[in-house]
Amino acid sequence: MAVDTLLERINDYASRPDPYPLYAELREAGVARQRDGSYLVGGYYDIAALLHDPRLSSDRRNRAPEFAAPMPPQLSFIQLDDPEHHRLRGLATRPFGPPHSPGRVDAMRGEITGITEQLIASLQGRTRIDIVDDFAYPLPVTVICRLLGVPPDDEPVFHAWATTIIDSLDLTSGKDQDERTRAANRAREDMGRYLVGLAEQRRGRPGDDMLSAFVNAPEPAALTRDELAATAVLLLIAGHETTVNLITNGVLTLLRHPDQLDLLRREPALLPRAVEELLRYEPPVQLLPQRTPLTDLEVAGTTIPKGVPVVLVLASGNRDPQRFHDPDRFDPTRPDNQHLGFGSGIHICYGAPLARIEAQIALGALIPRLGTATLVEDPPPYRHSPVLRGPRRLPIELSPSRG
Ligand code: HEM
């Protein structure tokens, strides 16, 4: 089949359970121009080099007019280039990590373990559970709410906005997609207003949460109202729509590989490496759809023109045999696992230390209980987005004694 339809075929919902053969086709082509004029890049070394190349912009305002899409009310730092990106990421990091808050994420281990134990306790005695709704979703949502200072009881409100935003992460263009993007931009605006409202309540009387820290930061570190809205929306969405897929993909992959599940039950010390292998083998962020070259770029012998959308298919780079031995094998003992699951370069995932701890604790608690578990549906039903890919539900049967 023609490689110029790969984007459409990846986007097709029927490809969601197993997009990997399409990525193999992409790697054969190296770089593939699509019918809509965009380019797909699928080789590990090409993607890694582009992620470090300042000539490839994350700012959609650099797109040629024929690729313009409705813009959000305010761009967050994931959608900006340096120096703006660097300034805002630095301010957003002050209450989250080094140099101002070293140990902040590590200090959450106890709390994350506590939330995990509560969730496990609530499953006691049940013989059928949905890994997504009963476990993998509530855990990161509760954690990001505590961290940001968002009342967990408001979950139904912000979940609806988050779903609208995630569902707009599609690879198609045209009128329907523009309408989805407009709906997502309205949701961003509503979520931003809500989060700024919460932050304002804490001006002058800070708690230990990040919204308090943002709104009470000393003058040179202060965010404007719009910057605060965009940053808080980014953190709430990124903090709760990605880790859920890492944990769920983890359970699915382990139940499909009973020998590896057994190995991890016997050797829990392998868990951090197993989480890295999951980020390689089934990455929750499959591709980065919003890069744009600032100048004509030569990639793997192809000239990608300035201003056209470039899609970096991280999940394809992660299965590149030029970089990983036997890449379609899930191997938690894999050495030298420099996967692209968290991206690379200046936009490398800000929340990676938190996501790693959450996944390690969550899977560490579940693995001893999965011995007799079976998948009810394989493949499970997937969520809409080909970008943030993961099961919508993952029902499993547990034996009552271990449940
Ligand atoms: C398994 C879970 C996660 C995965 C797979 C993931 C993946 C990624 C990837 C691939 C990028 C790079 C985007 C790009 O280059 O355009 C990224 C950026 C980002 N992530 Fe994550 N992420 C995860 C969890 C989190 C969490 C828990 C948070 C927040 C606490 C977070 C916050 C961010 C932010 C703010 C950025 C933008 C960084 C920048 O532009 O400098 N992520 N993430």
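Coordinates for the structure precede this section.
Residues numbered from 1 in each chain as written. Predicted model: local features only at pLDDT ≥ 70, side-chain atom pairs only at ≥ 80, totals over all residues. Heavy atoms only, no water.

(A) Fine view of the overall build of the chain. Counting its regular elements, the chain contains 16 helices and 10 strands. Against the compact-globule benchmark of 22 Å for 403 residues, the chain has a radius of gyration of 21 Å, which places it among compact chains. Reported as C-alpha extents along the three principal axes, the dimensions of the chain are approximately 60 × 60 × 40 Å. Counting across all 403 residues of the chain, residues that qualify as buried make up 58%. Seen as two clouds, the 45 positive and the 54 negative side-chain charges of the chain have centres 1 Å apart. (Helix = DSSP H or I, 4+ residues; strand = E, 2+ residues; numbered from the N terminus. Rg over C-alpha atoms; globule rule 2.2 N^0.38 Å. Buried < 20%, exposed > 50% of the residue type's maximum accessible area, 1.4 Å probe, protein only. Lys, Arg positive; Asp, Glu negative; His and termini not counted. Charge placed at Lys NZ, Arg CZ, Asp CG, Glu CD.)

(B) Examining the pairing of strand β5 (residues 288–293) more closely. With respect to burial, β5 is a largely interior element, five of its six residues being buried. Here strand β3 (residues 56–57) runs beside β5; their pairing, made up of two bridges, is antiparallel. Of the residues in β5, the one forming a bridge with serine 57 is threonine 292. The pairing of β5 with strand β8 (residues 310–312) spans two bridges and is antiparallel. Counterpart to arginine 291 in the pairing with β8 is valine 310. (Pairing = 2+ DSSP bridges.)

(C) The arrangement of the site of the ligand in detail. Close to the ligand lie 27 residues; His85, Arg89, Arg291, His347 and Cys349 are nearest. A distance of 2.8 Å separates an oxygen atom of the ligand from a polar side-chain atom of arginine 291. A distance of 2.6 Å is found between an oxygen atom of the ligand and a side-chain nitrogen or oxygen belonging to histidine 347. The set of elements that each furnish at least two residues to the shell around the ligand consists of α4 (84–93), α11 (225–240), α12 (243–256), β5 and α16 (352–366). With four residues, the single largest contributor to the shell around the ligand is α11. For the shell around the ligand, the class distribution of residues is 17 nonpolar, eight polar and two charged. (Near = heavy atom within 4 Å. Polar contact = N/O pair within 3.5 Å; in protein donor to acceptor, adjacent residues only side chain to side chain. Nonpolar A, V, L, I, M, F, W, Y, C, P; charged D, E, K, R; others polar.)

(D) Geometry of helix α2 (residues 20–29). Restricting attention to buried positions, one finds in α2 the residues Tyr20, Leu22, Tyr23, Leu26 and Arg27. Buried residues of α2 fall within an arc of 150° about the axis and therefore sit on the same side. Positive backbone phi, at 80°, marks glycine 30, one or two positions downstream of α2. (Arc of directions from axis to C-beta.)

(E) Seen up close, the packing of helix α8 (residues 155–167) against α11. Here α8 crosses α11 at 85°, and the two axes come no closer than 11 Å. As far as their axial angle goes, α11 and α8 are roughly perpendicular. Taking contact as the criterion, the partners of Phe158, His159, Ala162, Ile165 and Ile166 in α8 are, on α11, Leu236, Ile237 and His240. Considered class by class, the residues forming the contact of α8 with α11 number six nonpolar, two polar and no charged. (Axes fitted to C-alpha atoms, helices over the stretch in contact; angles between N-to-C directions. Parallel < 35°, antiparallel > 145°, perpendicular 65-115°, else oblique. Contact = heavy atoms within 4.5 Å.)

(F) Highlighting empty space enclosed by the protein. Enumeration according to the criterion identifies two cavities of 30 Å³ or more in this entry. Each pocket or cavity is described by its volume, and for the second largest cavity that value is around 30 Å³. Lining the second largest cavity we find Ile10, Ser15, Arg16, Pro19, Tyr23, Gln286, Pro386 and Arg389. Its residues placed into classes, the lining of the second largest cavity shows four nonpolar, two polar and two charged. (1 Å grid on protein atoms, 1.4 Å probe; cavity = no way out; pocket = protein on both sides within 12 Å on 5 of 7 lines; lining within 4 Å. Points joined across faces, edges and corners; volume = space filled by probe spheres on them.)

(G) Structural view of the environment of glycine 149. Following the sequence through the fold, glycine 149 ends up in the loop between α7 (138–148) and α8. You can call glycine 149 buried: its relative accessible area is 14%. Taking C-alpha positions, glycine 149 is 33 Å from alanine 315, a pair spaced 166 residues apart along the chain. With residues near it in sequence (within four places) discarded, glycine 149 still touches Ile144, Leu198, Arg202, Asp209 and Leu211.

(H) Summary view of the packing of α12 against α16. Axis separation between α12 and α16 bottoms out at 10 Å; the angle between their running directions is 35°. The two elements α12 and α16 meet at a crossing, and its hand is right-handed. Contacts between α12 and α16 pair Thr243, Leu246, Ile247, Gly250 and Val251 from the former with Ala355, Glu358, Ala359, Ala362, Leu363 and Leu366 from the latter. When grouped by side-chain class, the residues that make up the contact of α12 with α16 number eight nonpolar, two polar and one charged. (Left-handed = near helix turned anticlockwise from the far one by under 90°.)

(I) Representation of the packing of aromatic side chains. Within the structure shown, the criterion is met by seven aromatic pairs. Where tyrosine 44 meets tyrosine 45, the ring centres are 5.2 Å apart and the plane angle is 80°; that geometry is what we call edge-to-face. Ring geometry for tyrosine 44 and phenylalanine 324: centres 5.5 Å apart, planes at 90°, overall edge-to-face. Of the two residues, tyrosine 44 is situated in helix α3 (residues 44–51) and phenylalanine 324 in the loop between α15 (314–317) and α16; the sequence distance between them amounts to 280 residues. Phenylalanine 324 matches tyrosine 44 in its accessibility class, with the two residues each being buried. Members of the aromatic cluster, joined through ring pairs, are Tyr44, Tyr45 and Phe324. Between the NZ or CZ atom of arginine 319 and the centre of the ring of tyrosine 20, over which it lies, the distance is 3.7 Å. Geometry around tyrosine 281 places arginine 319 over its ring, the cationic atom sitting 4.2 Å from the centre. (Phe/Tyr/Trp six-rings, centres within 6.5 Å; stacked < 30°, edge-to-face > 60°. Lys NZ or Arg CZ within 6 Å of the ring centre and 35° of its normal.)

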